[in-house]
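Coordinates in review
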Amino acid sequence: MYEFAYHKPGSLADATAALNSAADGKLMAGGQTLIPTLKQRLAQPSDVIDLGGIGELSGISVSGDAVKIGATTRHAAVAASGEVASAIPALAKLAGGIGDPQVRNMGTIGGSIANNDPAADYPSAVLGLGATVSTNKREIAADDFFTGMFETALAEDEIITGVSFPVPQKAGYVKFPNPASRYAMVGVFVSQGGGGVRVAVTGAGPCVYRHADMEAVLSGNFSSGALASVATSADGLNADIHASAEYRAHLVGVMARRAVDQANG
Amino acid sequence: MPTVSMTVNGKSVSKDVEDRTLLVQFLRQDLGLTGTHVGCDTSQCGACVVHIDGRSVKSCTMLAAQCDGSDVTTIEGLATNGELHPMQQAFMDNHGLQCGFCTPGMVMSAVDLVKNHPNADEATIRAELEGNICRCTGYHNIVKAVQQAAKAMGG
Ligand SMILES: Cc1cc2nc3c(=O)[nH]c(=O)nc-3n(C[C@H](O)[C@H](O)[C@H](O)COP(=O)(O)OP(=O)(O)OC[C@H]3O[C@@H](n4cnc5c(N)ncnc54)[C@H](O)[C@@H]3O)c2cc1C
Ligand code: FES
Ligand code: FES
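Residues numbered from 1 in each chain as written. Chains lettered and ligands numbered in written order. Predicted model: local features only at pLDDT ≥ 70, side-chain atom pairs only at ≥ 80, totals over all residues. Heavy atoms only, no water.

1. Here's the deal with the site of ligand 1
Short version of the rule: Whether a residue is near a molecule or strand depends on its heavy atoms: if one lies within 4 Å, it is near. Under the rule applied, a polar contact is a pair of N or O atoms within 3.5 Å (in protein, one hydrogen donor and one hydrogen acceptor; residues adjacent in sequence only if both atoms are side-chain atoms). For the accessible areas, the method is Shrake-Rupley and the probe is 1.4 Å, while residue cover comes only from the protein chains on display.
The environment of ligand 1 is formed by 32 residues, the closest being A:L27, A:A29, A:L34, A:T108 and A:D121. Positioned at a junction of chains, ligand 1 has nearby residues supplied by chains A and B. A:A29 is positioned with one of its backbone polar atoms (N or O) 2.7 Å from an oxygen atom of ligand 1. A:S112 is positioned with one of its backbone polar atoms (N or O) 3.5 Å from an oxygen atom of ligand 1. Surface burial for ligand 1 is 94%, taken as the share of its 980 Å² of free accessible area covered by protein chains.

This is the structure in structure tokens:
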């Protein structure tokens, strides 16, 4: 690791100030992506600003129509939350399937979506439920948040404060985990709610995306059988040592059918 | 250099360390607690698992500075008055280790898993040990050890 100065501000205002006064500051939440990156010397920030000391950024609140999760809420807390499990069971299940228990004891929702790894789980829930991301500056709709591979709409000095998920009528999430890391080779999040049907695919392409053909078919008939008529093209999908683009395209169909079955309970 | 203070295995410690010091370096190099191992250094193997304020974490993927003010337990802190913790005893009784390299992390993860799932069945134990890799045992005897310890720990 290169040298850096560590800061642990106690408030959002202090965090913003630390970020703005640093030559090349980097936020840290759970550190489960950032610390491995620093260890590999793939990043060389002058300052690391730990969000872990800002109490207001952590916590879960469920009102009738929304589940709000603070940015530094750990995966383990979401997975163990009875409130989340009863409002949006698929979301609690998704959190409980991230990595391993030790990663879930540190990793946070804000860190996961800010990082926007093409194979991460949370981005599919944010996009698949049509959530809203809150920052210290504004609110960003899920459809505008994920802009490309490891890219988001966040400005350099923008800090995610939380995510608000509208409670759907039904939702399901199934992934085919990479057996080593548990990241999604392909994961599909489906939901049916006030905003209609949404289908979000992670792991398959360079960035999480909505599957418009599946959404159209499921809007008429929300059943896994209806998906038989929808093909997924391998064009532009990821190919690596784990799977070819064709294999991933096939998995999108399989995971989507299983996710719909899960949503239909 | 900034000072980092924490409680490790019940004792208060305070050291001046660089901000980039990892918790596992702090434990092994600054405190001489070499029971916590480094297997992969890439956050995957779990040999470095310790407890911070009661939660199991990978000490190779945390800064010592992040733990300032925390309560840390390492494998050295499990035995009481020379008597092995039930989890350590169960690993011994069930031949849950061969070379022993993964064992400190395995035991620390297992203690946390039994705390969270006192009546864990075999499938749960295997799923909860997802973050710990063992190249020797094939896991079978580790799972048996955790089952024995869970009973001994009152599950
Ligand atoms: C072994 C292993 C297995 C894993 N398996 C999975 C898996 O199966 N599925 C999965 O989805 N993920 C997986 N992960 C990643 C894990 O979920 C991380 O916790 C997550 O990607 C990053 O969250 P973090 O809180 O650790 O963020 P950090 O590592 O602290 O930060 C990541 C990035 O986000 C930025 N950031 C953090 N918080 C904020 C904020 N509030 N506002 C703006 N920017 C912010 C940081 O500056 C940094 O660039 C795995 C990680 C490991 C080590
Ligand atoms: S050394 Fe920490 S996970 Fe392998
Ligand atoms: S006993 Fe040798 S790695 Fe587990």
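Here the narrative resumes.
2. Thoughts on the interface of chain B and chain A
The test is simple: Contacts between residues were defined by any pair of non-hydrogen atoms, one from each residue, lying within 4.5 Å. When a carboxyl oxygen of Asp or Glu lies within 4 Å of a side-chain nitrogen of Lys or Arg, that pair is called a salt bridge. For the purposes of this entry, the term helix denotes a DSSP run of H or I that reaches at least four residues, the term strand denotes a run of E that reaches at least two, and both are numbered from the N terminus.
With 23 residues of chain B at the contact, the number on the chain A side is 27 residues. Between B:K58 and A:D100 there is a salt bridge; the shortest N-O distance is 2.7 Å. Viewed at the interface, chain A and chain B are joined by eleven residue pairs in polar contact (both at pLDDT 80 or more). Counting only elements with at least two residues in the side of chain B that touches chain A, the list comes to β4 (55-58) and α3 (103-116) of chain B. Ranked by residue count, the leading element in the side of chain B that touches chain A is β4(B), at four residues.

3. Some thoughts on the sheet that holds strand β5 (residues 66-70) of chain A
Residues and elements named next belong to chain A. As a reminder of what qualifies: Two strands are counted as paired when DSSP detects at least two bridges linking them. Helix axes are fitted to C-alpha atoms over the stretch in contact, other axes to C-alpha atoms as well, and angles between N-to-C directions run from 0 to 180 degrees.
The five strands are arranged β4-β5-β10-β6-β7 in an open sheet whose pairing can be described as antiparallel. Each edge of the open sheet carries a strand with a single partner, namely β4 (60-63) and β7 (139-141). In this sheet, neighbouring strand axes are inclined to one another by 20° on average, regardless of whether the strands run parallel or antiparallel.

4. Quick notes on the pattern of salt bridges
The cut-off we apply is this: Note on classification: 1.4 Å probe, protein chains only; a residue is buried when its accessible area is under 20% of the maximum for its type, exposed when over 50%, partly exposed between these limits.
All told, the structure shown has 14 salt bridges over all chains when counted by the stated rule. Residue A:R104 is joined to B:E128 by a salt bridge in which the shortest nitrogen-to-oxygen separation is 3.8 Å. Pair noted here: A:R104 is in helix α6 (residues 101-104) and B:E128 is in helix α4 (residues 122-128), and the two residues belong to different chains. As far as burial versus exposure is concerned, A:R104 and B:E128 are alike and both buried. With a shortest N-O distance of 2.9 Å, B:R126 and B:E122 are connected by a salt bridge. One end of the pair, B:R126, and the other, B:E122, are both in helix α4, four residues apart, so they sit about a helical turn from each other. Take B:E122: its relative accessible area is 39%, and that puts it in the partly exposed class.

5. Considerations on the packing of aromatic side chains
All names here are of chain A. We apply this condition: Each aromatic pair joins two rings of Phe, Tyr and Trp (for Trp, the six-membered one) with centres within 6.5 Å, and gets the label stacked for planes under 30 degrees apart, edge-to-face for over 60, and tilted for any other angle. A ring has a charge above it when a Lys NZ or an Arg CZ is no more than 6 Å from the ring centre and no more than 35 degrees off the ring normal.
Applying the stated criterion across every chain, the model contains two aromatic pairs over all chains. Geometrically, the ring pair formed by F145 and F146 is edge-to-face, given 4.9 Å between the ring centres and 85° between the ring planes. Given the relative accessible area of 10%, F146 is considered buried. Sitting over the face of the ring of Y2, R41 holds its NZ or CZ atom 4.2 Å from the ring centroid.

6. Details of the sheet that holds strand β1 (residues 3-8) of chain B
Residues and elements named next belong to chain B. The sheet built from five strands is open, its strands ordered β2-β1-β5-β3-β4 with mixed pairing. Pairing within the sheet leaves two strands with one partner each, and these edge strands are β2 (11-16) and β4. Averaged over all adjacent pairs, the angle separating strand axes in this sheet is 40°, with direction ignored. Sheet topology note: the strand β3 (residues 49-52)/β4 ladder contains four bridges and is antiparallel. Within β4, the residue paired with I52 across the bridge is R55. Of the strands in this sheet, β1, β2, β3 and β5 (71-73) touch helix α1 (residues 23-30), which is tilted by about 80° from β1.

7. Describing the nonpolar core
To be explicit about the condition: Only buried residues count toward a nonpolar core. Its members are Ala, Val, Leu, Ile, Met, Phe, Trp, Tyr and Cys residues joined through side-chain atoms within 4.5 Å.
Counting 37 residues, the largest nonpolar core has A:L91, A:I113, A:Y122, A:V126, A:F145, A:F165 and A:F189 as the members making the most contacts within it. Of all the elements, helix α5 (residues 89-96) of chain A adds the most residues to this core, at five residues. Excluding residues within four positions of it along the chain, A:F189 makes contact with A:A90, A:L94, A:S124, A:A125, A:G128, A:L129, A:A171, A:G172, A:Y173, A:R198, A:V199 and A:A200. In terms of nonpolar packing, the next biggest core, distinct from the first, is built from 31 residues, B:M6, B:L23, B:V24 and B:L63 among them.

8. Some details on unusual backbone geometry
All names here are of chain B. Positioned with a positive phi, N9 is a non-glycine residue whose angle comes to about 50°. Its place among the elements puts N9 in the loop between β1 and β2. According to the relative accessible area criterion, N9 is partly exposed, its value standing at 25%. The phi dihedral of S43 is positive, around 70°, even though this residue is not glycine. Positionally, S43 belongs in the loop between α1 and β3.

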